[in-house]
Amino acid sequence: MKKISLNIESNPDTVNLADECIKALCFLTTLPPVEINGVRQAVKEALNNVIIHSYQGQYNCLIDLIVSFQDDHLVISIKDSGIGMDPKLLEMDRSAVVDIDPSNIDQIPNGGWGLYLIKELMDNISYHTEAGIHTLEMKKFF
Amino acid sequence: MLLSHRTKEKIDIVDLSGKLVMGDAVTETRKKLLDVIKLGQGNLILNLTEVNFMDSSGLSVLISALKAARGKKGDVVLLGLTPSVRTLIELTRLQQIFNIFQEETAAVTYMNS
């Protein structure tokens, strides 16, 4: 198993650099371009959520981004030590966020798509907390 | 994120290029688009042909612009979606509220109709 760990700061510029790393790593797999973009999207949304929610907008906290290559899938883990997320949020049906009434655009939210997108774009997701470290693990099969 | 503004037949057109993602790109783009809508007729073509990646923060910019334009009885249409942006728009079902064009002339004709 090949594995790489990136230790990044919780700021948007660093997250954008991490996105470039994820893109390059995905090109080592047999994932087609559209799926690679999906993985990038999911990782980006997950990292954004860590910055906005777990670290509450603080830009100098640490995030571990770990990518491991299995025989037929990628495992991407994101670890932070912020306030974390209620794991029940992952179990909830997030489809309401895209249940749009086109005749009433004022009711369309200006955000909240992150978890929905992660669930749509990745094949398996789990979240757990151990010794104050929160880990979101996402799998994508080739 | 690069942004340029032009007008065609009194329609505002903003050309974006690069990544529209959380951070300065989103903050600056939101401000610029809202300024363009405020100062113009409220009809905006957002050219995304050169936007190769967008996250959900970028989507919030599009929706803010649409709400501002509709507030002036105008509209925002999207032009030239790249595959990754199209996927994002479709996953979030925002094609229900944005008209999407591949050709600028078609977008301008729609805005003038």
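Anything mentioned here points back to the structure above.
Everything quoted here is computed from the prediction, not taken from an experiment.

Moving on to the pairing of strand S3 (residues 73-80) of chain A. All names here are of chain A. Most of S3 sits out of view: seven of its eight residues are buried. In this structure, strand S2 (residues 62-69) lies alongside S3, joined through seven bridges in antiparallel fashion. Looking at S3, one finds that Phe 69 is bridged to Leu 74. In this structure, the hairpin formed by S2 and S3 is closed by a connection of three residues. Sheet topology note: the S3/strand S5 (residues 133-141) ladder contains eight bridges and is antiparallel. By the bridge assignment for S5, Val 75 is matched with Lys 139.

Residue and element names in this part refer to chain B. Under the definition given, this model contains 13 salt bridges over all chains. For the salt bridge of Lys 8 with Glu 104, the shortest nitrogen-to-oxygen distance reads 3.1 Å. Note that Lys 8 is positioned in strand S1 (residues 2-8) and Glu 104 in helix H4 (residues 104-112), a separation of 96 residues in sequence. Relative accessible area serves as the criterion here: at 32%, Lys 8 is assigned to the partly exposed category. Its relative accessible area of 17% is what places Glu 104 among the buried residues.

Residue and element names in this part refer to chain A. The strand order across the open sheet built from five strands is S1-S2-S3-S5-S4, with neighbouring strands paired in antiparallel fashion. For this open sheet the edge positions go to strand S1 (2-9) and strand S4 (124-130), each flanked by a neighbour on one side alone. Neighbour to neighbour, the strand axes of the sheet diverge by 15° on average, direction disregarded. Taken together, the eight bridges between S1 and S2 define a ladder with antiparallel strand orientation. Residue pairing for S2: Ser 5 is matched across the bridge by Ile 66. Each of S1, S2, S3 and S5 is contacted by helix H2 (residues 33-54), which is oriented at about 10° to S3, the strand it contacts most.

What counts, and where the lines are drawn
- Residues numbered from 1 in each chain as written.
- Chains lettered and ligands numbered in written order.
- Predicted model: local features only at pLDDT ≥ 70, side-chain atom pairs only at ≥ 80, totals over all residues.
- Heavy atoms only, no water.
- Buried < 20%, exposed > 50% of the residue type's maximum accessible area, 1.4 Å probe, protein only.
- Helix = DSSP H or I, 4+ residues; strand = E, 2+ residues; numbered from the N terminus.
- Pairing = 2+ DSSP bridges.
- Salt bridge = Lys/Arg side-chain N within 4 Å of Asp/Glu carboxyl O.
- Axes fitted to C-alpha atoms, helices over the stretch in contact; angles between N-to-C directions.
- Contact = heavy atoms within 4.5 Å.

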